[in-house]
Amino acid sequence: MRVSASPECVEIPLGERSYPILIGSELLREPGSFDAVPAAAAALIVTNTTVAPLYGERLRTALGGRFRAVHMLELPDGETHKDWPTLNLIFDALLRHGCDRKTVLFALGGGVVGDMTGFAAASYMRGVPFVQVPTTLLAQVDSSVGGKTAINHPLGKNMIGAFYQPRLVLCDLSTLATLPPRELSAGLAEIIKYGPIYDMRFFDWIEENIEALVAREPAALAYAVRRSCEIKAAVVGQDERETGLRAILNFGHTFGHAIEAGMGYGRWLHGEAVGCGMVLAAELSRRLGGVDAAFVGRLSALIEQAGLPVVAPALGAERYLELMRVDKKSEAGEIRFVVIDKPGSAVVRSAADALVREVLAQCCAA
Ligand code: NAD
Ligand code: GLY
């Protein structure tokens, strides 16, 4: 394992919508990092009040030679602001600055900023180019890649959105140095996810390197980000709009989204809810015959070592079922889960409410 001096590049293979993911250290200090960005008169950096003071000027400087005007918008920070009024602030800024349909949007921040900026880019003047500059581990290994954009609705998470691909994803690993430990753990959840659903050799590697990852050892983080992006690229390249295979990337998310919504957005981090949700989804997989108890124990131990909760909150089984029926995978009111059919492989299927109640009874706090 080594950290290469020049950035690594993973390509998302989507025909004319293909784009590179650049992964490396100090990429934000390199104007050359942005060579794939289309030419335009203006750029709008969309970030938030936490990330702007850390990396806003660095990005503005890197873009200075490329655009006549580089505007910056600071959104309020947090999942609770992933909503219509905050989205509207992006449209307000674009219109106030007289931005045309070539204006390039840059999403500088975590998944919240990335999802909202992407949705704004998809709809401003029916679509303008955008670039993802993810600064959380979760965003670098998952949310910035693959073109899912959305805001939340009070009745359900990520319910309003669009598929819209960025032109470039720039993962500057140096930005992870300032990430709070809880946010680092949240990102580890999405990295761990790729093992049971796709690549058990990667799962073995994560187990061997979990301490190095928690300690932010650069070579370990670089490999984990690259392998995660490779797996996501392979899945999205086959099923961009989630007509089938892509749904496996939602392993743990059906339970996880219910935890997030049921607790109130922002109380549990998305990655924490997904981490815990994977324990429940693994237990459901066991009851459906896909994996054994040893596998569930192994996954649960790794999630705990990553600093994530493994006991689900006691929302009550009926509340869980009600929340999970709003999930985007539901069909005609029937909840569908991503379950492991054998280690390294996942499928989407329904499960009887009675079975789900058993899983909840076993995995939720008393
Ligand atoms: P986030 O965007 O809320 O960021 C977490 C926190 O870290 C925020 O307070 C943020 O300001 C701060 N932060 C960001 N970068 C920092 C840095 N380098 N140093 C210090 N602080 C920093 O949360 P997240 O975990 O990045 O993303 C979660 C969101 O992503 C959820 O809304 C989820 O639904 C979405 N998501 C989307 C996809 C997708 O495919 N589009 C996939 C997974 C998750
Ligand atoms: N995070 C799930 C997906 O991109 O499909």
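Reading the values: the criteria
Residues numbered from 1 in each chain as written. Chains lettered and ligands numbered in written order. Predicted model: local features only at pLDDT ≥ 70, side-chain atom pairs only at ≥ 80, totals over all residues. Heavy atoms only, no water. Helix = DSSP H or I, 4+ residues; strand = E, 2+ residues; numbered from the N terminus. Rg over C-alpha atoms; globule rule 2.2 N^0.38 Å. Buried < 20%, exposed > 50% of the residue type's maximum accessible area, 1.4 Å probe, protein only. Near = heavy atom within 4 Å. Polar contact = N/O pair within 3.5 Å; in protein donor to acceptor, adjacent residues only side chain to side chain. Areas by Shrake-Rupley, 256 points an atom, 1.4 Å probe, with all protein chains shown as cover. Nonpolar A, V, L, I, M, F, W, Y, C, P; charged D, E, K, R; others polar. Arc of directions from axis to C-beta. Contact = heavy atoms within 4.5 Å. Axes fitted to C-alpha atoms, helices over the stretch in contact; angles between N-to-C directions. Parallel < 35°, antiparallel > 145°, perpendicular 65-115°, else oblique. Left-handed = near helix turned anticlockwise from the far one by under 90°.

1. Side note on the overall build of the protein chain
Each helix and strand in the protein chain was counted, giving twelve helices and eleven strands. For 366 residues, the compact-globule estimate of 2.2 N^0.38 gives 21 Å, and the C-alpha radius of gyration of the protein chain, at 20 Å, lies within 12% of that figure. With respect to the principal axes defined by its C-alpha atoms, the protein chain has extents near 60 × 45 × 35 Å. Across the 366 residues that make up the protein chain, the buried fraction comes to 58%.

2. A few points about the site of ligand 1
In the vicinity of ligand 1 lie 28 residues, with Asp77, Glu79, Thr135, Thr136 and Thr178 positioned nearest. In the model, an oxygen atom of ligand 1 is placed 2.7 Å from a nitrogen or oxygen of the Lys82 side chain. Thr136 places a side-chain nitrogen or oxygen 2.6 Å from an oxygen atom of ligand 1. Contact with the protein chains hides 91% of the accessible area of ligand 1, taken as 860 Å² for the molecule alone. Residue assignment for the shell around ligand 1 shows that the elements contributing at least two residues are helix 1 (52-63), helix 3 (111-123), helix 4 (137-143), strand 8 (156-163) and helix 5 (181-198). Grouping the amino acids of the shell around ligand 1 by side-chain chemistry returns seven nonpolar, eleven polar and ten charged.

3. Quick look at unusual backbone geometry
The phi dihedral of Arg126 falls on the positive side, at around 65 degrees, and the residue is not glycine. The topology assignment puts Arg126 in the loop between helix 3 and strand 6 (130-134). Positive phi values are uncommon outside glycine, yet Asn158 reaches one of about 55 degrees. Here Asn158 shows up in strand 8. When its relative accessible area of 16% is taken as the criterion, Asn158 is described as buried.

4. With respect to the site of ligand 2
Taken together, Asp142, Lys148, Lys232, Glu242, Arg246, Leu249 and Asn250 form the complete shell of residues around ligand 2. Between ligand 2 and Asp142 there is a distance of 3.1 Å, counted from a nitrogen atom to a side-chain nitrogen or oxygen. At 2.7 Å, a side-chain N or O of Arg246 approaches an oxygen atom of ligand 2. For ligand 2, the accessible surface in isolation is 200 Å², of which the surrounding protein chains cover 90%. Of the residues contributing to the shell around ligand 2, the split by class is one nonpolar, one polar and five charged.

5. Brief notes about helix 12 (residues 353-363)
Of the positions making up helix 12, those classed as buried are Leu355, Val356, Val359, Leu360 and Cys363. Each buried residue of helix 12 lies within a common arc of 140 degrees when the element is viewed along its axis, so the set occupies one face. Those residues of helix 12 hidden inside the fold are in contact with helix 8 (253-263), helix 9 (270-287), helix 11 (317-324) and strand 10 (336-342).

6. Observations regarding the packing of helix 6 (residues 200-214) against helix 10 (residues 293-305)
Geometrically, a packed helix pair is captured by the angle between its two axes and the distance between the axes. One can describe the packing of helix 6 onto helix 10 by two numbers: an axis separation of 10 Å at closest approach and a directional angle of 30 degrees. Taken as axis vectors, helix 6 and helix 10 run roughly parallel relative to one another. Helix 10 is crossed by helix 6, and the crossing has left-handed handedness. Contacts from Met200, Phe203, Asp204, Ile206, Glu207, Ile210 and Val214 of helix 6 reach helix 10 at Phe295, Arg298, Leu299, Leu302 and Gln305.

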